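Residue strings, one per chain:
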Amino acid sequence: MPKVNHMIIGVQASGKTTFAAALWYLVDSREVDTVLKKGSHNGDYQYLEMIASNWAAGWQVERTPSDTLEPIRINLKKPIDSDEVDLNFLDLSGETFERIFATRAVNSKLEELFRSMDGLLLFVSAVRKKDDLSILDIGLKMPEAMPAETDDAEVYSASDIAQNELNAEFVPGNAPQQIQIVDLLQAVADVPMNAKPKRVVVIISAWDKAPAITPEKWLVDRMPLLHQYLENQSTDVPYRVYGVSAQGGSLPKREKPQTPSEREHLLKVKIPGERIKVVGHGASAHDLTHPIQWLSGFED
Ligand SMILES: Nc1nc2c(ncn2[C@@H]2O[C@H](COP(=O)(O)OP(=O)(O)OP(=O)(O)O)[C@@H](O)[C@H]2O)c(=O)[nH]1
Ligand SMILES: [Mg+2]
């Protein structure tokens, strides 16, 4: 059976490591039925065990340090096949992602990973609000930041506001997520890399904090540029959107247990795997492997 390689990308704090921790816990514990099962594992998976046990205990996973190409490798398999299917995840830190966006340069190791990817798992977070706002919206919300000729914020022109913005330093990581993502996808698909995934899954993480709409509608409303990009190439590269709550709610960091969160409530769920929520495409309620099954081409 051919090896399948998937890449996970997403800006800082988009939920990548939490997803990996919950996925490992889920397939390792077998508490909840999943469409893909854990395959055989060789080598060192100490990091996965560490993040999964942290997750199970109800703590936030730690931030992935920049420059880490943390080799998260979770082997999964179809239950009916005796052949194993290897799925390789690359947990690119958000900072590495943003540096690629800022410099348009990738090192040779990363280039090789992009070239060999079969599927792409794109993470965006439902809790990052920034992508909703245009410069005009910011002007309307913060009239005090605007020029003082009039009290009526609505009459400020785009050029007034743009002038104001000119004084601000450009911080690449502050660019809207969808712009960073589309730019990266375009750069990777273009010469010299010519790396295009066969399929794309968009995971909207922290779905417990999303409004009561479908994941597709969320993408159209909140990330219209990314939606348009994916739609445009969908004949060649089909895509799906899932809403995923890998934690089930907000959790504190282990070193700051008093931070207000939904931890107490979540720990009352007796089976930790049942804290997970997956929405979209007929996935059963807690099955994080459903998007990966489709991404791997096991389901049309
Ligand atoms: N409410 C809620 N928050 C979540 C969920 N999953 C992740 N988060 C929060 O989102 C933040 C980022 O999660 P990470 O998994 O560390 O994100 P990451 O993409 O690995 O981030 P970097 O390592 O910085 O690139 C953390 O504060 C998590 O607690 C969820 O299901 N629900
Ligand atoms: Mg991380």
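For every chain, the first residue of the written sequence is number 1, and numbering continues from 1 along that sequence. Here the convention is simple: chains get letters from A, ligands get numbers from 1, in the order in which they are written. Side-chain atom pairs in this predicted model are given and counted only at pLDDT of 80 or more, local residue features only at pLDDT of at least 70, and totals for whole chains, interfaces and linings cover all residues. Values reported for side chains reflect all heavy atoms of the structure, with hydrogen atoms and water molecules removed beforehand.

Draft legend 1. Seen up close, the overall build of the protein. Secondary structure elements are defined from DSSP: runs of H or I of at least 4 residues count as helices, runs of E of at least 2 residues count as strands, and each element is numbered from the N terminus. Check the secondary structure of the protein and you find 11 helices and 10 strands. Scored against the burial criterion, the 300 residues of the protein give a buried share of 46%. Here, residues are in contact when the closest pair of their heavy atoms is within 4.5 Å. Long-range contacts, defined as pairs at least 24 residues apart, comprise 76% of the intrachain contacts of the protein with a sequence gap of at least 6. When accessible area is computed with a 1.4 Å probe and restricted to protein chains, residues below 20% of their type maximum are described as buried, those above 50% as exposed, and intermediate ones as partly exposed.

Draft legend 2. Region of the structure containing the site of ligand 1. Here a residue counts as near a molecule or strand whenever at least one of its heavy atoms sits within 4 Å of it. With respect to spatial proximity, 23 residues lie near ligand 1, and among them Lys16, Thr18, Arg63, Gly94 and Asp208 are the closest. Contact distances for ligand 1 include 3.0 Å between an oxygen atom and a backbone N or O atom of Gly15. Any residue with an atom within 4 Å of a point lines the site, the site being either a cavity, points on a 1 Å grid over the protein atoms alone where a 1.4 Å probe fits but cannot get out, or a pocket, an open set with protein on both sides within 12 Å along at least 5 of 7 lines. To decide whether a molecule occupies a pocket or cavity, check its atoms: if more than half lie within 2 Å of the grid points, it is inside. The cavity that encloses ligand 1 is the largest pocket. Ranked by the residues each element gives to the shell around ligand 1, the list is headed by helix H1 (residues 16–29), at three residues. Per-class residue counts for the shell around ligand 1 are five nonpolar, 14 polar and four charged. Counting of polar contacts relies on pairs of N or O atoms within 3.5 Å, with two restrictions inside protein: one atom must be capable of donating a hydrogen and the other of accepting it, and residues adjacent in sequence are counted only when both atoms are side-chain atoms. Classification used: nonpolar for Ala, Val, Leu, Ile, Met, Phe, Trp, Tyr, Cys and Pro, charged for Asp, Glu, Lys and Arg, polar for all others including Gly.

Draft legend 3. Up close: the packing of aromatic side chains. Geometry of aromatic contacts follows a simple scheme: Phe, Tyr and Trp rings, the Trp one being its six-membered ring, pair when their centres are within 6.5 Å, and the pair is stacked under 30 degrees between planes, edge-to-face over 60, tilted otherwise. Within this structure, the stated rule accounts for three aromatic pairs. Remark: a charge is flagged as sitting over a ring if the NZ atom of Lys or the CZ atom of Arg is within 6 Å of the ring centre and within 35 degrees of the ring normal. Across from the ring centre of Trp59, 3.7 Å away, lies the NZ or CZ of Arg263, which sits over that ring. Stacked on the ring of Trp55, the Lys or Arg Arg275 has its end atom at 4.9 Å from the ring centre.

Draft legend 4. Representation of the layout of surface pockets within the structure. Grid points are joined across faces, edges and corners, and a volume is the space filled by probe spheres set on the points. Roughly 650 Å³ of internal volume is contained in the largest pocket. Ala13, Gly15, Thr18, Gln60 and Gln247 are the residues nearest the centre of the largest pocket, which is lined by 35 residues in total. Of all the secondary structure elements, the ones that give two or more residues to the lining of the largest pocket are H1, strand E7 (119–125), strand E8 (199–205) and strand E9 (239–245). Among the elements that line the lining of the largest pocket, the one with the most residues is H1, at four residues. Residue composition of the lining of the largest pocket, grouped by class: 13 nonpolar, 16 polar and six charged.

Draft legend 5. Inspection of empty space enclosed by the protein at higher detail. Across all of its chains, the model carries two cavities of 30 Å³ or more by this definition. In this model, the largest cavity occupies a volume close to 50 Å³. Lining the largest cavity we find Leu120, Leu185, Ala189, Ala195, Lys196, Pro197, Val200, Tyr229 and Gln233. Taken together, the residues that form the lining of the largest cavity break down as seven nonpolar, one polar and one charged.

Draft legend 6. Just the side chain of Arg263, in detail. On the secondary structure map, Arg263 appears in helix H10 (residues 263–267). Put simply, Arg263 is tucked away with no salt bridge, and the nearest opposite charge, on Glu264, sits 8.0 Å away. Of the polar contacts made by the side chain of Arg263, one reaches the backbone oxygen of Gly58; its length is 2.8 Å. The residues contacting Arg263, other than those within four sequence positions of it, are Ala57, Gly58, Trp59, Ser250, Leu251 and Pro252. By the counting rule applied here, Lys and Arg register as positive and Asp and Glu as negative, while His and the ends of each chain are not counted. Here a salt bridge means any side-chain nitrogen of Lys or Arg lying within 4 Å of a carboxyl oxygen belonging to Asp or Glu.

Draft legend 7. Expanded view of unusual backbone geometry. Residues Val191 and Pro192 are joined by a peptide bond in cis, for which omega reads 5°. Examined against the element boundaries, Pro192 turns out to sit in the loop between helix H7 (177–189) and E8. A positive phi is found at Arg30, a non-glycine position, where the angle reads about 55°. Within the secondary structure, Arg30 sits in the loop between H1 and strand E2 (37–38). Residue His281 is not a glycine yet carries a positive backbone phi of 55°.

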